[in-house]
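Overview (structure and organization)
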Amino acid sequence: MKEKRYYIAYGSNLSEWQMRFRTPDAKIVGTAVLKDWRLLFKTHATIEPCEGKETPVLVWEISEKDEANLDRYEGYPSYYYKKNLELEVLPIGEVVPVTLTAMVYIMTEGIQLSAPYPGYYRTLEAGYRRFNFPIEILEQALADSIDKDGDESCEVCD
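What you see is a predicted model; the values in this text were computed from it and never measured. (Residues numbered from 1 in each chain as written. Predicted model: local features only at pLDDT ≥ 70, side-chain atom pairs only at ≥ 80, totals over all residues. Heavy atoms only, no water.)

1. Focus on the overall build of the protein
When you go through the protein residue by residue, the secondary structure sums to four helices and five strands. Starting at the N terminus and walking to the C terminus, you meet the elements of the protein as β-α-β-β-α-β-β-α-α. If you line up the protein on its principal axes, its C-alpha atoms span 50 × 35 × 25 Å. Residue pairs at least 24 apart in sequence account for 70% of intrachain contacts in the protein once pairs closer than 6 positions are excluded. Seen as two clouds, the 18 positive and the 27 negative side-chain charges of the protein have centres 8 Å apart. (Helix = DSSP H or I, 4+ residues; strand = E, 2+ residues; numbered from the N terminus. Contact = heavy atoms within 4.5 Å. Lys, Arg positive; Asp, Glu negative; His and termini not counted. Charge placed at Lys NZ, Arg CZ, Asp CG, Glu CD.)

This is how it looks when you write it as structure tokens:
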């Protein structure tokens, strides 16, 4: 029996429509919060460790084929690398969380903070609204990414 694969989405893959196109076997498992991680933009979304911050995410169950499709879409391993994280997921329609290990894409080092394209940001905003994520986190990520003049430090973490 194959072990299930789980994937953490925090960017454009919050879009169910886009995921249906990219990853036809994928199914939403539930939502979660990455504690001590913050969302940023370097044209595209990424996350970085930052004590005290939180990033809401959508967790998908994916097939090997889906993962290969995501690798291509995400520019793995040159643009994004992969990391496994353990997190508590609240399955859709349930009240009791489950602990899972899931893969997440994180942007490689050396890419500067920059504003996302408006259409890309709107995709994330729609995902935040669809899954009732706090929109303030998305707005803060945008502000942090365009107001820093290239400073990528996390004040909370410094």
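2. Structural notes on helix 3 (residues 118–130)
Within an α-helix, residues lying three or four positions from one another point in the same direction, as the helix has 3.6 residues per turn. Across its 13 residues, helix 3 extends 18 Å between first and last C-alpha, which sits within 8% of the 18 Å expected from 1.5 Å per residue. Among the residues of helix 3, Y120, Y121, T123, L124, G127 and Y128 are the ones counted as buried. Axial view of helix 3: buried residues confined to an arc of 155°, hence all on one face. The exposed set on the far side of helix 3, more than 90 degrees from its buried face, consists of P118, R122 and R129. (Expected span 1.5 Å × (residues − 1). Buried < 20%, exposed > 50% of the residue type's maximum accessible area, 1.4 Å probe, protein only. Arc of directions from axis to C-beta.)

3. Side note on the environment of E86
Along the chain, the position of E86 falls in strand 4 (residues 80–91). Residue class for E86 comes out exposed when judged on its relative accessible area of 63%. In this structure the C-alpha to C-alpha distance between E86 and P118, which are 32 residues apart in sequence, comes to 32 Å. Discounting chain neighbours no more than four positions away, the residues touching E86 are T99, L100 and T101.

4. A look at the nonpolar core
Here is a general trend for soluble globular proteins: nonpolar side chains tend to be buried in one another's company. Ranked by internal contacts, the top residues of the largest apolar core, which has 42 residues, are Y7, V59 and L87. Breaking this core down by element, the ones donating at least two residues are strand 1 (5–9), strand 2 (27–42), strand 3 (44–62), strand 4, strand 5 (98–107), helix 3 and helix 4 (135–146). (Core = buried A, V, L, I, M, F, W, Y, C linked by side-chain atoms within 4.5 Å.)

5. A few points about the packing of aromatic side chains
Within the structure shown, the criterion is met by eight aromatic pairs. Relative to F21, the ring of W17 lies with its centre 6.5 Å away and its plane at 10°, an arrangement referred to as stacked. One end of the pair is W17 and the other is F21, both in helix 1 (residues 16–22) and four residues apart, which spans about a single turn. Residue W17 is classed as exposed on the basis of its relative accessible area of 60%. Where F41 meets Y120, the ring centres are 6.5 Å apart and the plane angle is 85°; that geometry is what we call edge-to-face. Here F41, found in strand 2, pairs with Y120, found in helix 3; they are 79 residues apart in sequence, far enough to count as distant. (Phe/Tyr/Trp six-rings, centres within 6.5 Å; stacked < 30°, edge-to-face > 60°.)

6. So, the pattern of salt bridges
Applying the stated rule across the entire model yields nine salt bridges. Between K82 and E67 there is a salt bridge, and its shortest N-O distance comes to 2.7 Å. Of this pair, K82 sits in strand 4 while E67 is found in helix 2 (residues 64–74), placing the two residues 15 residues apart along the sequence. By relative accessible area, K82 is classed as partly exposed at 24%. One continuous salt-bridge network, built from bridges that share partners, spans R5, E67, D71 and K82. (Salt bridge = Lys/Arg side-chain N within 4 Å of Asp/Glu carboxyl O.)

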